[in-house]
Amino acid sequence: MRELFQKLQCSPLFAGIGPDEIAAVLTCLGAREEQFAKNTYLLRAGDAPDSVGLLLSGSALIVQEDFWGNRNILAKISPPEAFAEAFACSPGAVLHAAVCAEEDCTVLWLAVNRILTTCPSACAHHSRMVRNLLSELAGKNLRLSEKLRHMGQRTTREKVLSFLSAEAQRQRCRDFTIAFNRQQLADYLSVERSALSAELSRLRRDGVIEFEKNRFLLK
């Protein structure tokens, strides 16, 4: 239980909530843990989730897949990030994307209807949770806007440079590591992997970047 509390204290969803209050919050929100094996679905497109998921261990991808299996990665989730907040906060809304375990995962589900309704005890930490949830939703919207900006570039080169520039700014360093492997980055930017690899090689040849696997240096 102590390990769980330590993980939750690192989550933006539990920001400002003390360790002595976490147990009360978990009871208030009907928290439950669930295990998922690698390559299984945490949520499928078409599901109508009524709980916010909080990733405690492992990693997962939010992906859109069409009828023919073409995949577009919207985001990668790492502990202790939350997911499905917007859909869980919109009763009846169905997911347009799936959440797939990139590796074995542990998820803590929190009943969103208990977050959005008035707590019978009028507890301060419940109010704090509502503010944290709104902050999380705003942050997700900003990250989605950033992805749309990358994809809106006309060429593969411009998409790659837009993504790498944003990552350098976010990590405040021109030498940084990204969360995606090559195929995942191609899926995220909606380009062919071969085209991505060729463009990265050209950028290195032109002296714009250096890279080793998922570590990049902007020159």
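Up top is the structure.
Heads up: these notes are all about the structure in this document.

1. Some remarks on helix α7 (residues 182-189)
Structural remark: α-helix, 3.6 residues per turn; residues separated by three or four positions point the same way.
Thinking step 1. Along α7, seven of the eight residues are buried, which leaves the element largely enclosed by surrounding structure.
Thinking step 2. Every buried residue of α7 is listed here: R182, Q184, L185, A186, D187, Y188 and L189.
Thinking step 3. The N-cap residue of α7 is N181: its side-chain oxygen and the backbone nitrogen of Q183 are 3.2 Å apart.

2. As for the packing of helix α1 (residues 2-9) against helix α2 (residues 19-28)
Thinking step 1. At a closest axis distance of 10 Å, the pairing of α1 and α2 adopts a crossing angle of 95°. Between α1 and α2, the interaxial angle falls into the category roughly perpendicular. Listed contacts from α2 to L4, F5, L8 and Q9 of α1 are P19, I22, A23 and L26.
Thinking step 2. When its residues are assigned to classes, the contact of α1 with α2 shows seven nonpolar, one polar and no charged.

3. Comments concerning the layout of surface pockets
Thinking step 1. Here the largest pocket is characterised by a volume of approximately 1,000 Å³.
Thinking step 2. If you trace the largest pocket, you find 37 residues lining it, with L74, A75, K76, K140 and R143 closest to the centre.
Thinking step 3. Breaking the lining of the largest pocket down by element, the ones donating at least two residues are β5 (71-77), β6 (82-83), α3 (85-88), α5 (124-151) and α6 (156-171).
Thinking step 4. With nine residues, the single largest contributor to the lining of the largest pocket is α5.
Thinking step 5. A breakdown of the residues in the lining of the largest pocket according to their chemical character gives 21 nonpolar, seven polar and nine charged.

4. Some remarks on the nonpolar core
Thinking step 1. Formed by 23 residues in total, the largest nonpolar core has its most connected members in F163, L164, I209 and F216.
Thinking step 2. Elements represented by at least two residues in this core include exactly β4 (60-65), α6, α7, α8 (193-205), β10 (209-212) and β11 (215-218).
Thinking step 3. The contact partners of F216, leaving out residues within four places of it in the chain, are L164, R174, D175, F176, I178, R182, L200, I209, E210 and F211.
Thinking step 4. Core analysis: the next-biggest nonpolar cluster, separate from the first, contains 21 residues, L8, I17, V52 and L54 among them.

5. Observations concerning the packing of aromatic side chains
Thinking step 1. Inspection of the entire model under this criterion finds six aromatic pairs.
Thinking step 2. Between the aromatic rings of F83 and W109, the centroid separation amounts to 5.6 Å while the plane-to-plane angle is 75°, which identifies the pairing as edge-to-face. In this pair, F83 sits in strand β6 while W109 sits in strand β8 (residues 105-111), placing the two residues 26 residues apart along the sequence.
Thinking step 3. Ring pairing ties together the aromatic residues F163, F180 and Y188, which thus form one cluster.
Thinking step 4. The residue whose ring lies beneath R204 is F211, and the NZ or CZ to ring-centre distance is 4.0 Å.

Rules used in this analysis
- Residues numbered from 1 in each chain as written.
- Predicted model: local features only at pLDDT ≥ 70, side-chain atom pairs only at ≥ 80, totals over all residues.
- Heavy atoms only, no water.
- Buried < 20%, exposed > 50% of the residue type's maximum accessible area, 1.4 Å probe, protein only.
- Helix = DSSP H or I, 4+ residues; strand = E, 2+ residues; numbered from the N terminus.
- Polar contact = N/O pair within 3.5 Å; in protein donor to acceptor, adjacent residues only side chain to side chain.
- Axes fitted to C-alpha atoms, helices over the stretch in contact; angles between N-to-C directions.
- Parallel < 35°, antiparallel > 145°, perpendicular 65-115°, else oblique.
- Contact = heavy atoms within 4.5 Å.
- Nonpolar A, V, L, I, M, F, W, Y, C, P; charged D, E, K, R; others polar.
- 1 Å grid on protein atoms, 1.4 Å probe; cavity = no way out; pocket = protein on both sides within 12 Å on 5 of 7 lines; lining within 4 Å.
- Points joined across faces, edges and corners; volume = space filled by probe spheres on them.
- Core = buried A, V, L, I, M, F, W, Y, C linked by side-chain atoms within 4.5 Å.
- Phe/Tyr/Trp six-rings, centres within 6.5 Å; stacked < 30°, edge-to-face > 60°.
- Lys NZ or Arg CZ within 6 Å of the ring centre and 35° of its normal.

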